[in-house]
Amino acid sequence: MTAQAPVHIITDSSCDLSEEVATGLGITVVPLEIRFGMQSFTDRVELTTADFWKRCRTSDELPSTAAPSPGAFAEAYQRAADAGASEVVVITLSGDLSATIEAAQQAASEPPNGLTCHVVDSRTVSAGLGLLVIAAAELAATGADGSQIADAIRTSAQRVRVHAALDTLENLRKGGRIGAAQSLLGSVLSIKPLITVTDGRVEPAGKQRTRTRALAHLVDLVAAEGPNISQIAVMHADCDDVDHFVARIAPLTDAAPRVMLIGPVVGAHAGVGTIGVVFVTKE
């Protein structure tokens, strides 16, 4: 942090930004906890994304997640203040999906001397959150103040669209992160559920009989919005077919797709094989 960049951007590890991107933009990532049975790991610190997916493929236990403590955010705020920040903008995953924002707000109620904290509920998750955080860091680099950045991100959050095709609904159903899950369950094992994030909540969005059809549905969604897309990302849960999917959507919009590997926080609920498209519309 330098005097030229007095506003520091903080997020949580559900953002699925790579360490390279976060470091390059000066973004602090507060980790959630990942649990496999009785074992608990600090996301990104004690468990890499690659190790998480390896464990998912070999473990009989479905992983679960836990929000960071207020102390974890307090430490991030203190580090920002010590580095010369006068403001922090904290952008978290949807408050309807996690208590993470409550921890961020609690820590912000007693900030370090001289530090102003702006806490923003992204109303989204994974690449949706990641795109908003990148935009916030870019605004900070232009000299925007904390209030301006927070207001801009709240406005942009209303234009974030998250659509995904799952290989299984078991993780979401057992994790309690989706309502009306039964509406997506089918007796045919090949059925692929579709979900969307709407107003901060994960909602059913139909189902397709095969993965091919499910991905074609996602391509159609991008095609319908193509000219109106300002940012776009493809998120995937350790999928071999992601490059082919990106090649299909890239010509449909002027925005260059970012490819983001889904990390442990979202992966614990989405499951192996999930692939999704996230875009921010211009209006």
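Note that the structure is predicted; figures quoted are calculated from it, not measured. (Residues numbered from 1 in each chain as written. Predicted model: local features only at pLDDT ≥ 70, side-chain atom pairs only at ≥ 80, totals over all residues. Heavy atoms only, no water.)

Enquirer: Even after reading the chapter, I still don't get the nonpolar core, so can you show me in this structure?
Expert: Nonpolar side chains in soluble globular proteins tend to be buried together. Within the largest apolar cluster, 53 residues are counted, with the highest numbers of intra-cluster contacts made by Ile9, Phe52, Ile91, Ile149 and Ile153. Of the residues forming this core, the biggest block, ten residues, is contributed by helix α5 (residues 127-141). Sequence-distant contacts of phenylalanine 52, that is, excluding residues within four places in its chain, are made with Ile34, Phe36, Leu47, Pro63, Gly263, Pro264, Gly267 and Ala268. Formed by 19 residues, the second largest nonpolar core is a distinct cluster that contains Val219, Ala255, Val277 and Phe279. (Core = buried A, V, L, I, M, F, W, Y, C linked by side-chain atoms within 4.5 Å. Buried < 20%, exposed > 50% of the residue type's maximum accessible area, 1.4 Å probe, protein only. Helix = DSSP H or I, 4+ residues; strand = E, 2+ residues; numbered from the N terminus. Contact = heavy atoms within 4.5 Å.)

Enquirer: Please clarify how the pairing of strand β6 (residues 87-92) should be interpreted in this entry.
Expert: For a regular strand, side-chain orientation follows a simple rule: the groups alternate between the two sheet faces. Of all six residues in β6, six are buried; the element is thus mostly enclosed. Here β6 shows two buried faces, one formed by Glu87, Val89 and Ile91 and the other by Val88, Val90 and Thr92. Where strand β1 (residues 7-12) meets β6, five bridges bridge the pair, whose relative direction is parallel. Note that in β6 the partner of valine 7 across the bridge is glutamate 87. (Pairing = 2+ DSSP bridges.)

Enquirer: Looking at this structure, I do not really get helix α4 (residues 100-108). What am I missing?
Expert: Each turn of an α-helix holds 3.6 residues, which means side chains three or four residues apart point in the same direction. Of all the residues in α4, the buried ones are Thr100, Ile101, Ala103, Ala104, Ala107 and Ala108. Buried residues along α4 cover an arc of 160 degrees about the axis, so they all sit on one side. Of the residues in α4, the exposed ones pointing more than 90 degrees away from the buried face are Glu102 and Gln106. (Arc of directions from axis to C-beta.)

Enquirer: I would appreciate a short explanation of the sheet that holds strand β2 (residues 28-30) in the present structure.
Expert: As a general point, the strands of a sheet are linked pairwise by backbone hydrogen bonds and lie either parallel or antiparallel. An order of β2-β1-β6-β7 is seen for the four strands of this open sheet, with the pairing classed as parallel. The open sheet has two edge strands with one neighbour each: β2 and β7 (116-121). Neighbour-to-neighbour, the strand axes of this sheet turn through a mean angle of 25 degrees, independent of strand direction. Against the sheet, helix α6 (residues 146-157) contacts β1, β6 and β7, and its axis sits at roughly 0 degrees relative to β7. (Axes fitted to C-alpha atoms, helices over the stretch in contact; angles between N-to-C directions.)

Enquirer: Would you mind going over the sheet that holds strand β3 (residues 33-36) with me for this structure?
Expert: Taking strand neighbours across the sheet as the criterion, the three strands line up as β4-β3-β5 in an open arrangement whose pairing is antiparallel. One side of each edge strand has no neighbouring strand; the edge strands of this open sheet are β4 (39-42) and β5 (64-66). With direction set aside, neighbouring strand axes in the sheet form an average angle of 30 degrees. As paired strands, β3 and β4 are joined by four bridges and run antiparallel to one another. By the bridge assignment for β4, isoleucine 34 is matched with phenylalanine 41. Contacting β3 and β4, helix α2 (residues 49-58) runs over the sheet at an angle of about 20 degrees to β3.

Enquirer: What exactly am I supposed to notice about the pattern of salt bridges here?
Expert: Two side chains that carry opposite charge are able to pair once their charged atoms sit near each other. In the structure shown here, the tally under the stated rule is eleven salt bridges. For aspartate 199, the salt bridge goes to arginine 201, with nearest N and O atoms at 3.9 Å. A salt bridge links glutamate 203 to arginine 201; its shortest N-O distance comes to 3.5 Å. Residue classification places glutamate 203 among the partly exposed residues on the basis of a relative accessible area of 25%. Linked through salt bridges whose partners overlap, the residues forming this network are Asp96, Asp121, Arg123, Asp199, Arg201 and Glu203. (Salt bridge = Lys/Arg side-chain N within 4 Å of Asp/Glu carboxyl O.)

Enquirer: In this structure, what is going on with the packing of helix α8 (residues 211-225) against helix α9 (residues 242-249)? I would like to understand it.
Expert: Helix packing geometry: the angle between the two helix axes and the distance between the axes. Running from N to C, α8 and α9 cross one another at 30 degrees; their axes reach a closest spacing of 10 Å. When the interaxial angle is binned, α8 and α9 end up roughly parallel. The way α8 lies across α9 gives a crossing that is right-handed. Residues Leu215, Ala216, Leu218, Val219 and Val222 of α8 form the contact with α9, whose own contacting residues are Phe245, Arg248 and Ile249. In the contact of α8 with α9, the residues fall into seven nonpolar, no polar and one charged. (Parallel < 35°, antiparallel > 145°, perpendicular 65-115°, else oblique. Left-handed = near helix turned anticlockwise from the far one by under 90°. Nonpolar A, V, L, I, M, F, W, Y, C, P; charged D, E, K, R; others polar.)

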